[in-house]
Each structure stands twice: as C-alpha cells, then as structure tokens.
Amino acid sequence: MMRKLEFKGTSILIFVALIWGSTFSLTKISLKYLTPFFLLFGRFFLGSLFLSIYFIARRIPLTINWAGSILGIINFSAIAFQTFGLRSTTATKGAFITGLSVLMVPFFERIFFGSKIGIRLWFSVFIGFLGLTMLTIDFKQIGYVNWGDFLVFICALLYAIQIVYIAYVVHKKEVLDLAFSELFVTALLALLFHIFFEPGSLPFKNIFISFLPVFYLGTIATSLTLTLQLIGQKYLTPTKSALIYNLEPVFATVFAFFVLKESLSFIQFIGAFLILLSLFISIPSSPIDN
C-alpha cells in the first residue's frame, strides 16, 4: 500500500514539474509586455478565480485559513526576494543559488520531523544537486558574491521551508482550502508590490496581447499544479518531493528547445541525465526507510 501511494505521489509531482517547466518560456514571452509583479498578480489572481469558480460550482464554502495564508506569504516572499535579487546578479548565478534549496530540504526535514535520511537518499540529493548545477550554470559567470546573491539565497531558503511546511500542514487541512488561501494571499501581495514598486500604468493592448499565456499560467500552471502539489506531497517525504522538483529545469530546457529554439550543451545534457538518475536512485527507499 505504501509503495502504491508513493508511486501516486511521485507521478503527480512529476506532472507538476512538467507543467512548471513549461512556464519559463511563457513567462519570458509575457514579460515582454508586462512588469514582473503585475504578471504575478495576473497569474495568481486568475488561479484563485479559477479555483473559486470550482468552489461555487461544487457549493463548497470559500474559506481562507492561516496555514494556506502562511504558504502564500512564504511563496510570494520567495518570488519577491528572487525578483529583487536578480536585479543585482546574473540569471545563471540566480538559478544555481535557488537550486540550493534541494540541499536544504533534508536538513529541515531532519530538524522539524526528526526523520532519518538514509545514505541512498543523501546520495540522490548530492547527484541531483550536481546535475542541477551542470544544467543551469555557466561556470564562467560564477564570480564574487554580491547583495543580489544573498537575496536569491533567502529565496532558496524560503522554497526549502515551503516544501517542508507543506508536508506538515497537508495532513491537517483540506487541500482545496490550502490552495485557495495560498493563491489569494500571493495575488494580494503581488498587487501591493505592483502598486508600490512598479509605478505607471500598463497599456491595455499589452494586457490583451499577453492574455493567453497569462491565462495558461494562472489556470493550468498555478491553480491546477498548486492543488496537485499539495495532494502529491501527502504521499512523499519533503526530500523526495524536492528531488522530483529538480525535474522542473529539465522540462524547462526541453520546452525552451522547442518553443524558444534554445540549444542544450553537452554539459547541460549530462546535468539533465544526473537529475533523472538521482530520482531513479531515490525510488527504492520508502518513507519508512527514511
């Protein structure tokens, strides 16, 4: 039974990582017309609107709970730190530092749950991080550490906390309530940051032109995937969830190849292979073994 549930959780999170991987190309296209925080507002507003329609259709009461609100605060804070950090550092270094969250999750899992992380899982984490490094880093651009790097590091810390916190609350609260609360709070904070940090109005034609990619980002890539993320993490440990989320840049690279015609170097190909290998190595160990 445990294996069956673990397989279910793994399948769900792989699908989530696949959809998230498709968002990079569409986000890049949308940012040609929209500011970062307005795009986030549009994405999470549509996500919460889409989920609220489902609530109404099923006659489920709309509620915002503290656990989901905290998830929303963590989620938006991570995005905000990453956004401001990338103003002072390169995208290459930003991707590398954000990837450090994969290494942090086992430590947080150990601290907050007292879980014993087996050698096989530690090895999987190391291989996955090495693969992520090779996939996302141009080593020629890795130099000194600046303020932007520190802000992105906080983002990575928050993402690791988010993964572990989800594992803590997902068994205590209804998934849909958690999802709606997280989406709504994230949208609200994005709107506030847009008002205060992105002065000036956007041309209506820009909003119209970018509607289709933003609609996809808000409904499929946010509302649906966030709900599935909460469901999938019910059946997996935080560390295994983090390893699966490592697939996101792999899928992003594949989509970028087909949509944006971006090429994949030999080092990046090896990195993608190592990420897949780390997931394969982690499969035999069940949550009980950990």
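Definitions and limits used
Residues numbered from 1 in each chain as written. Predicted model: local features only at pLDDT ≥ 70, side-chain atom pairs only at ≥ 80, totals over all residues. Heavy atoms only, no water. pLDDT = per-residue confidence, 0-100. Contact = heavy atoms within 4.5 Å. Phe/Tyr/Trp six-rings, centres within 6.5 Å; stacked < 30°, edge-to-face > 60°. Helix = DSSP H or I, 4+ residues; strand = E, 2+ residues; numbered from the N terminus. Axes fitted to C-alpha atoms, helices over the stretch in contact; angles between N-to-C directions. Parallel < 35°, antiparallel > 145°, perpendicular 65-115°, else oblique. Left-handed = near helix turned anticlockwise from the far one by under 90°. Nonpolar A, V, L, I, M, F, W, Y, C, P; charged D, E, K, R; others polar. Expected span 1.5 Å × (residues − 1). Buried < 20%, exposed > 50% of the residue type's maximum accessible area, 1.4 Å probe, protein only. Core = buried A, V, L, I, M, F, W, Y, C linked by side-chain atoms within 4.5 Å. Salt bridge = Lys/Arg side-chain N within 4 Å of Asp/Glu carboxyl O. Polar contact = N/O pair within 3.5 Å; in protein donor to acceptor, adjacent residues only side chain to side chain.

Student: Describe the confidence of the model for the protein chain, and please don't skip the residues or the numbers.
Tutor: Averaged over the protein chain, the pLDDT score is 87; the fraction of residues at 70 or greater is 93%. Under a pLDDT of 50 for its full length, residues 286-290 has, in the predicted model, 18 contacts with residues more than four places off or in other chains.

Student: Report on the packing of aromatic side chains, specifying residues and quantitative values.
Tutor: A complete count under the given rule lists 17 aromatic pairs for this structure. Ring centres 6.4 Å apart and planes at 35° place the aromatic pair Tyr 165 and Tyr 168 in the tilted group. Here Tyr 165 and its partner Tyr 168 are both found in helix α7 (residues 147-169), three residues apart, which amounts to about one turn of the helix. Each member of the aromatic cluster is reached from another via a ring pair, and the members are Phe 37, Phe 76, Phe 84, Phe 193 and Phe 197.

Student: Any chance you could break down the packing of helix α6 (residues 119-136) against helix α11 (residues 238-245) for me, citing the residues and the numbers?
Tutor: Helices that pack against each other are described as a pair by the angle of their axes relative to one another and the distance between those axes. Remark: α6 packs on α11, axes separated minimally by 10 Å, with the N-to-C direction vectors making an angle of 30°. Classified by the angle their axes make, α6 and α11 are roughly parallel. Relative to α11, α6 is oriented so that their crossing is left-handed. Residue-level contacts link Leu 121, Ser 124 and Val 125 of α6 to Thr 239, Lys 240 and Leu 243 of α11. Taken together, the residues of the contact of α6 with α11 sort by class into three nonpolar, two polar and one charged.

Student: Residue-level account of helix α12 (residues 247-259), with values.
Tutor: An ideal rise of 1.5 Å per residue puts 18 Å on 13 residues; α12 measures up with 18 Å between its terminal C-alpha atoms. Turning to α12, its buried residues number three or more, namely Leu 247, Glu 248, Pro 249, Val 250, Phe 251, Ala 252 and Ala 256. Looking one or two residues beyond α12, the residue adopting positive phi is Lys 261, at roughly 60°.

Student: Any chance you could break down the nonpolar core for me, citing the residues and the numbers?
Tutor: By size, the foremost hydrophobic cluster in this structure holds 37 residues, and its most contacted members are Leu 40, Phe 44, Leu 51, Leu 71, Tyr 165, Val 169 and Leu 230. Considering every element that reaches this core, the biggest residue donor is helix α2 (residues 36-57), with nine residues. When residues no more than four places from it in sequence are discounted, the contact partners of Leu 51 are Leu 176, Ala 179, Phe 180, Leu 183, Ser 223 and Thr 227. Counting residues in each nonpolar core, the second largest holds 33 residues, with Ala 17, Trp 20, Val 125 and Ile 275 among its members.

Student: Provide a residue-level description of the pattern of salt bridges, including the pertinent values.
Tutor: Across all of its chains, the model carries one salt bridge by this definition. Residue Lys 240 pairs with Glu 6 through a salt bridge whose shortest N-O separation is 2.3 Å. Linking Lys 240 in helix α11 with Glu 6 in helix α1 (residues 2-30), this pair joins segments that are 234 residues apart in sequence. On the basis of relative accessibility, which here comes to 4%, the residue Lys 240 falls in the buried class. Taking the relative accessible area as the measure of exposure, Glu 6 reaches 5% and is therefore buried.

Student: If you had to explain the side chain of Thr 225 to someone new, which residues and values would you point to?
Tutor: Within the secondary structure, Thr 225 sits in helix α10 (residues 211-232). Apart from the residues lying within four places of it in its own chain, the contact partners of Thr 225 are Val 16, Ile 19, Trp 20 and Ile 220.

Student: With reference to specific residues and values, describe the packing of α7 against α11.
Tutor: One way to put it is that α7 packs onto α11 with a least axis distance of 9 Å and a crossing angle of 130°. If you check the angle between α7 and α11, you find them oblique. Regarding α7 and α11, the two cross each other, and that crossing is right-handed. Contacts between α7 and α11 involve Ile 163, Val 164 and Ala 167 from the former and Pro 238, Ser 241, Ala 242 and Tyr 245 from the latter. In the contact of α7 with α11, the residues fall into six nonpolar, one polar and no charged.

Student: Could you give an account of the side chain of Thr 239, naming the residues involved and the relevant values?
Tutor: With respect to the helices, strands and loops of the structure, Thr 239 is situated in helix α11. Here Glu 109 takes part through its side chain, which lies 2.4 Å from a polar atom of the side chain of Thr 239. Not counting chain neighbours up to four residues away, the residues in contact with Thr 239 comprise Val 105, Pro 106, Glu 109, Ile 117, Leu 121 and Val 125.

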